[in-house]
Amino acid sequence: MIVYGPIPSRRLGQSIGINNIPPKTCSYSCVYCQLGRTNHMTIKRRAFYEPEEICREAETKLQQLEAENRRADYFSFVPDGEPTLDVNLGKTIKLVKPYGVKIAVITNASLLWMDEVKEDLMQADWVSVSIDAADEDTWRKVDRPHGLLEHQDILNGIIDFSKAYKGTLVTETMLVENVNDHAACIERIAEQLARVCPSKAYLLVPTRPPAEASVRRPSTACLKETVGIIRAISGAEVECITGDEEEEGFFFTENIASDLLGIAAVHPIREDIVSTLLEKRNAEDRSILNELLEQGRIIEFTYEGRKFYRRKI
Ligand code: SF4
């Protein structure tokens, strides 16, 4: 299953996920990644799934929603890795667009120095690019990039893209305590943001089980200071996403096992949310969940005292 959800998102409303990259193929291996460490590290774009297959699944998902009198705000490319590694990304966007649902892509921006990646993303309505650091040392510590990537090329690629892109461009900075939350590091990020001029600069903290157990969220005081520095230097509108905002309103069809697997593949899901969803579908005996756990298709995790489920990669 490539198309999943929709999952609720503070930024995108009800967003149907498109998982166009198999686990876990990425150009980075971020310390905070909720999918665990990257086991297929690459910067080579290639085909993964047939765009027509993705399109068929997207259509089916829209039909399921319509049958329940629900609608989606976005199709969002949020896969098990970096979406721009898919050489068919542009073609897939073109095929899905006629359905009349806006298209979002959340990218780590590592390939934005490539013209063909810029061209693919130009077709999306909303693009989020990661800027976790604007100095090379911190970038290497937090994002742990592929060895052939050049940080300056990426920063320049983001700026070039921002000048040409006509849709809504936002940035995403994941803050990790004692890694990229120092004032000097934040100032450099803010200077980069001033060049990019995003519609909004989102600051995130790790709220789901990260790749490295040592990863911690910065303190509230540090976050407040960070917001102040970024606003003052970049002039950008800043918004913090720090926790439970996106956990309401998940959608399950009759095929609960398939829905759970689809969402948990890219979005570790809290135990209380799963329980509520099972109750809504009158499946409160939890046998579906227990079966997936026994089969080893879903794994249980605890993070910050809360239990989560994630698909086994
Ligand atoms: S957080 Fe995104 S960019 Fe970083 S390793 Fe995970 S999938 Fe790749």
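Predicted model only: the values in this text are computed from it and were never measured. (Residues numbered from 1 in each chain as written. Predicted model: local features only at pLDDT ≥ 70, side-chain atom pairs only at ≥ 80, totals over all residues. Heavy atoms only, no water.)

Mapped onto the elements, Thr-25 comes out in strand β3 (residues 25–26). Of note is the side chain of Thr-25, whose polar atom sits 2.9 Å from the backbone oxygen of Pro-22. In this structure, Thr-25 is in contact with His-40, Thr-42, Phe-48, Asp-80, Gly-81, Glu-82 and Leu-85, ignoring residues within four places of it in sequence. (Helix = DSSP H or I, 4+ residues; strand = E, 2+ residues; numbered from the N terminus. Polar contact = N/O pair within 3.5 Å; in protein donor to acceptor, adjacent residues only side chain to side chain. Contact = heavy atoms within 4.5 Å.)

It is worth spelling out the packing of aromatic side chains at this point. Counted under the stated rule, the structure contains three aromatic pairs. Centre to centre, the rings of Tyr-28 and Trp-139 are 6.2 Å apart; their planes meet at 75 degrees, and the pair counts as edge-to-face. Here Tyr-28 is found in the loop between β3 and β4 (40–41), whereas its partner Trp-139 is found in helix α4 (residues 136–143), with 111 residues between them in sequence. Here the two residues Tyr-28 and Trp-139 agree in accessibility, since each one is buried. The side chain of Arg-11 reaches across the aromatic face of Tyr-202, ending 5.0 Å from its centre. (Phe/Tyr/Trp six-rings, centres within 6.5 Å; stacked < 30°, edge-to-face > 60°. Buried < 20%, exposed > 50% of the residue type's maximum accessible area, 1.4 Å probe, protein only. Lys NZ or Arg CZ within 6 Å of the ring centre and 35° of its normal.)

With that settled, the discussion passes to unusual backbone geometry. Cis peptide bonds are those with omega within 30 degrees of zero, and the linkage from Gly-5 to Pro-6 qualifies with 10 degrees. In this model, Asn-69 sits at a positive phi of 60 degrees, which is unusual for a non-glycine residue. Look at Cys-197: it is not a glycine, yet its phi comes out positive at around 50 degrees. With respect to the secondary-structure elements, Cys-197 resides in the loop between α6 (183–196) and β9 (200–204). Judged by its relative accessible area of 59%, Cys-197 falls in the exposed class.

Enumeration according to the criterion identifies 14 salt bridges in this entry. Glu-300 is the partner of Lys-307 in a salt bridge, and the nearest nitrogen-oxygen pair spans 3.8 Å. (Salt bridge = Lys/Arg side-chain N within 4 Å of Asp/Glu carboxyl O.)

Turning our attention to empty space enclosed by the protein. A full pass over the atoms with the stated rule returns two cavities of 30 Å³ or more. Its boundaries defined by the atoms lining it, the largest cavity holds a volume of some 900 Å³. As for the largest cavity, its lining consists of 41 residues, and the residues nearest its centre are Gln-34, Val-78, Ile-106, Glu-172 and Leu-204. Secondary structure elements with two or more residues in the lining of the largest cavity: β1 (3–9), β6 (102–107), β7 (126–130) and β8 (168–174). Ranked by residues supplied to the lining of the largest cavity, first place goes to β1 with four residues. (1 Å grid on protein atoms, 1.4 Å probe; cavity = no way out; pocket = protein on both sides within 12 Å on 5 of 7 lines; lining within 4 Å. Points joined across faces, edges and corners; volume = space filled by probe spheres on them.)

Soluble globular proteins tend to bury their nonpolar side chains together. Counting residues in hydrophobic clusters, the biggest one holds 77 residues, and the most contacted among them are Tyr-32, Phe-75, Leu-112, Leu-121, Val-127 and Ile-158. When neighbours within four sequence positions are excluded, Leu-112 is seen to be in contact with Val-117, Lys-118, Leu-121, Val-129, Gly-157, Ile-158 and Phe-161. (Core = buried A, V, L, I, M, F, W, Y, C linked by side-chain atoms within 4.5 Å.)

Time to look at the layout of surface pockets. Here the largest pocket defines a volume of roughly 160 Å³. Classifying every residue of the lining of the largest pocket by side-chain character gives eight nonpolar, two polar and three charged. In terms of domain composition, the lining of the largest pocket takes at least three residues from each of domain 1 (3–246) and domain 2 (256–311). (Nonpolar A, V, L, I, M, F, W, Y, C, P; charged D, E, K, R; others polar. Domains from an automatic or database assignment.)

Glancing now at the pairing of β6. Counting buried positions along β6 yields five of six residues, so the element is predominantly enclosed. Of the crossover connections in this fold, the one passing from strand β5 (residues 74–77) over helix α2 (residues 89–96) to the parallel β6 is right-handed. As judged from the four bridges shared by β6 and β7, these two strands associate in the parallel manner. Bridged to Val-105 within β7 is Val-127. In this view, the connection linking β6 to its parallel neighbour β7 by way of helix α3 (residues 115–122) has right-handed handedness. (Right-handed = clockwise from strand over helix to strand, strands pointing away. Pairing = 2+ DSSP bridges.)

The next thing to look at is the packing of helix α1 (residues 51–67) against α2. Across the interface, α1 lies against α2 with an axial gap of 9 Å and an inter-helix angle of 35 degrees. As α1 runs across α2, the sense of the crossing is right-handed. Residues Pro-51, Glu-52, Ile-54 and Cys-55 of α1 pack against Lys-91, Thr-92, Leu-95 and Val-96 of α2. (Axes fitted to C-alpha atoms, helices over the stretch in contact; angles between N-to-C directions. Left-handed = near helix turned anticlockwise from the far one by under 90°.)

Once that is clear, we can look at the site of the ligand. Around the ligand, the surrounding shell consists of Lys-24, Cys-26, Tyr-28, Ser-29, Cys-30, Tyr-32, Cys-33, Thr-38, Gly-81 and Asn-108. More than half of the atoms of the ligand fall within 2 Å of the grid points belonging to the largest cavity. Here the shell around the ligand is built from residues that sort into five nonpolar, four polar and one charged. (Near = heavy atom within 4 Å. Sits in = over half its atoms within 2 Å of the grid points.)

Turning next to the side chain of Thr-84. Tracing the chain through its elements places Thr-84 in the loop between β5 and α2. Judged by relative accessible area, Thr-84 falls into the buried class, the value being 1%. When residues no more than four places from it in sequence are discounted, the contact partners of Thr-84 are Arg-45, Leu-89, Thr-107, Leu-111, Val-117 and Leu-121.

The subject of this paragraph is the domain arrangement of the chain. For the chain, the assigned domains are domain 1 (3–246) and domain 2 (256–311). With centres defined by C-alpha atoms, the gap from domain 1 to domain 2 works out at 24 Å. Taken together, the contact between domain 1 and domain 2 spans 20 residues of the former and 15 residues of the latter. Across the domain 1/domain 2 interface, buried area totals approximately 1500 Å², and carbon plus sulfur atoms make up 52% of it. At the boundary of domain 1 and domain 2, one finds one salt bridge. (Buried area = accessible area lost by both parts, 1.4 Å probe.)

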